Amino acid sequence: MKLSTSLVAVKKIKSNIDASHFSQEKIEEIANLILQTEGVINPLILQRLSKDSYEVIYGDLEYYAAVRAKEKDSLKGEMIGAFIIDSDNEYLIKKQVELLRKDRFSDNRTSSEQTSEEVSLNANRIEQKLEFLVTGLAQVIEKVSNIEQNLLENQQPKRNQQQKNTVKPEKSGYAAMTIPQLKELAKEKGIQFSAKIKKGELIAALESK
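Conventions we followed
- Residues numbered from 1 in each chain as written.
- Predicted model: local features only at pLDDT ≥ 70, side-chain atom pairs only at ≥ 80, totals over all residues.
- Heavy atoms only, no water.
- Helix = DSSP H or I, 4+ residues; strand = E, 2+ residues; numbered from the N terminus.
- Buried < 20%, exposed > 50% of the residue type's maximum accessible area, 1.4 Å probe, protein only.
- Contact = heavy atoms within 4.5 Å.
- Areas by Shrake-Rupley, 256 points an atom, 1.4 Å probe, with all protein chains shown as cover.
- Phe/Tyr/Trp six-rings, centres within 6.5 Å; stacked < 30°, edge-to-face > 60°.
- Salt bridge = Lys/Arg side-chain N within 4 Å of Asp/Glu carboxyl O.
- Core = buried A, V, L, I, M, F, W, Y, C linked by side-chain atoms within 4.5 Å.
- Lys, Arg positive; Asp, Glu negative; His and termini not counted.
- Polar contact = N/O pair within 3.5 Å; in protein donor to acceptor, adjacent residues only side chain to side chain.
- Axes fitted to C-alpha atoms, helices over the stretch in contact; angles between N-to-C directions.
- Left-handed = near helix turned anticlockwise from the far one by under 90°.
- Nonpolar A, V, L, I, M, F, W, Y, C, P; charged D, E, K, R; others polar.

(A) View of the overall build of the protein chain. A count of helical and extended segments in the protein chain gives six helices and five strands. Listed N to C, the secondary structure of the protein chain is β-β-α-β-β-α-β-α-α-α-α in terms of helices and strands. Residue burial in the protein chain is summarised as follows: out of 209 residues, 24% are buried. A sequence separation of at least 24 residues applies to 70% of the contacts in the protein chain between residues at least 6 apart. Entry remark: accessible area of the protein chain is about 15,600 Å², with carbon and sulfur atoms responsible for 52%.

Following this line, the structure appears as structure tokens:
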């Protein structure tokens, strides 16, 4: 049995896989290539539904690219090459398609097509990454907090010293006295002074005794 391709009108074909499952950029790119080469290097594999209708068994991406090519140029994109399954080759072609589809759709599947095991595995990986990031962030915050605490502790003695240095000394007993009182006290202690002596000079003389 030898496979041979046929040209099938794109409008007679349908796919059970939604176009949203594929990258629109990739569809656009392949559509342009189809128009430039006037065909596809990977013919579609179609199941005949009736005399004028076919269903894609393999090659959904190429089909949507062909649809887009037809939209861009109705003449060049009107027909597409395809293998049509019939009773003689149905089992072998479907077997080949089954094997090829497993590999191909492993790259093109969306999250809705993933198995529950794959979704669970991906969720665990994301959770582990988030946990790692949160742990790392917590460690950074702790280190910053420790640094701030050390800075505060180191600055506190300086602040205390500055406060001590800025305390104003209390006035001595001499400072609270009047000049006549200071002069009288100086006389009692035998301190000689001029009539025009200043209060500060009197205090200094008294404190030196």
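(B) Structural detail: the packing of aromatic side chains. Enumeration over the complete set of coordinates arrives at two aromatic pairs. Arranged with centres 6.2 Å apart and planes meeting at 45°, the rings of Phe22 and Tyr64 form a pair that is tilted. Of the two residues, Phe22 is situated in the loop between strand 2 (13-14) and helix 1 (24-37) and Tyr64 in helix 2 (residues 60-72); the sequence distance between them amounts to 42 residues. Residue Phe22 shares its accessibility class with Tyr64, and that shared class is buried.

(C) Seen up close, the pattern of salt bridges. Throughout the structure, instances matching the rule amount to four salt bridges. When the shortest N-O distance is used, the salt bridge between Glu28 and Lys72 registers 3.0 Å. Here Lys72 lies in helix 2 and Glu28 lies in helix 1, a separation of 44 residues in the sequence. Between Glu71 and Arg68 there is a salt bridge whose closest N-O contact spans 3.1 Å. Placement of the pair is Glu71 and Arg68 together in helix 2, with a separation of three residues, close to one helical turn. Taking relative accessible area as the criterion, Arg68 reaches 27% and is therefore assigned partly exposed. Here the salt bridges do not stand alone but share partners, grouping Glu28, Arg68, Glu71 and Lys72 into one network.

(D) How the structure looks around the nonpolar core. Formed by 23 residues in total, the largest nonpolar core has its most connected members in Val8, Ile13, Leu44, Leu46, Tyr63 and Ile80. Breaking this core down by element, the ones donating at least two residues are helix 1, strand 3 (44-50), strand 4 (53-58), helix 2 and strand 5 (79-85). Among the elements that line this core, the one with the most residues is helix 2, at six residues. Setting aside residues no more than four positions away along its own chain, Leu44 makes contact with Ile13, Tyr58, Gly59, Glu62, Tyr63, Ile80, Gly81, Ala82 and Phe83.

(E) Broad picture of the side chain of Glu55. If you trace the backbone, Glu55 turns up in strand 4. In this structure, Glu55 is buried with no salt-bridge partner, the nearest side chain bearing the opposite charge being Lys14 at 4.7 Å. A distance of 2.5 Å separates polar atoms of two side chains, one belonging to Glu55 and the other to Asn16.

(F) Main features of the packing of helix 1 against helix 2. Packing of helix 1 against helix 2 leaves a shortest axis separation of 8 Å and a crossing angle of 65°. For the pair helix 1 and helix 2, the crossing hand works out as right-handed. Residues Lys26, Ile27, Glu28, Ile30, Ala31, Asn32, Ile34 and Leu35 of helix 1 form the contact with helix 2, whose participating residues are Leu61, Glu62, Tyr64, Ala65, Ala66, Arg68, Ala69 and Lys72. Of the residues assigned to the contact of helix 1 with helix 2, the class counts are 10 nonpolar, one polar and five charged.

(G) Here's a closer look at the environment of Ser6. Following the sequence through the fold, Ser6 ends up in strand 1 (residues 6-9). Overall, the relative accessible area of 31% leaves Ser6 in the partly exposed class. Excluding its chain neighbours within four sequence positions, the residues that come into contact with Ser6 are Ile80, Gly81, Ala82 and Ile84.

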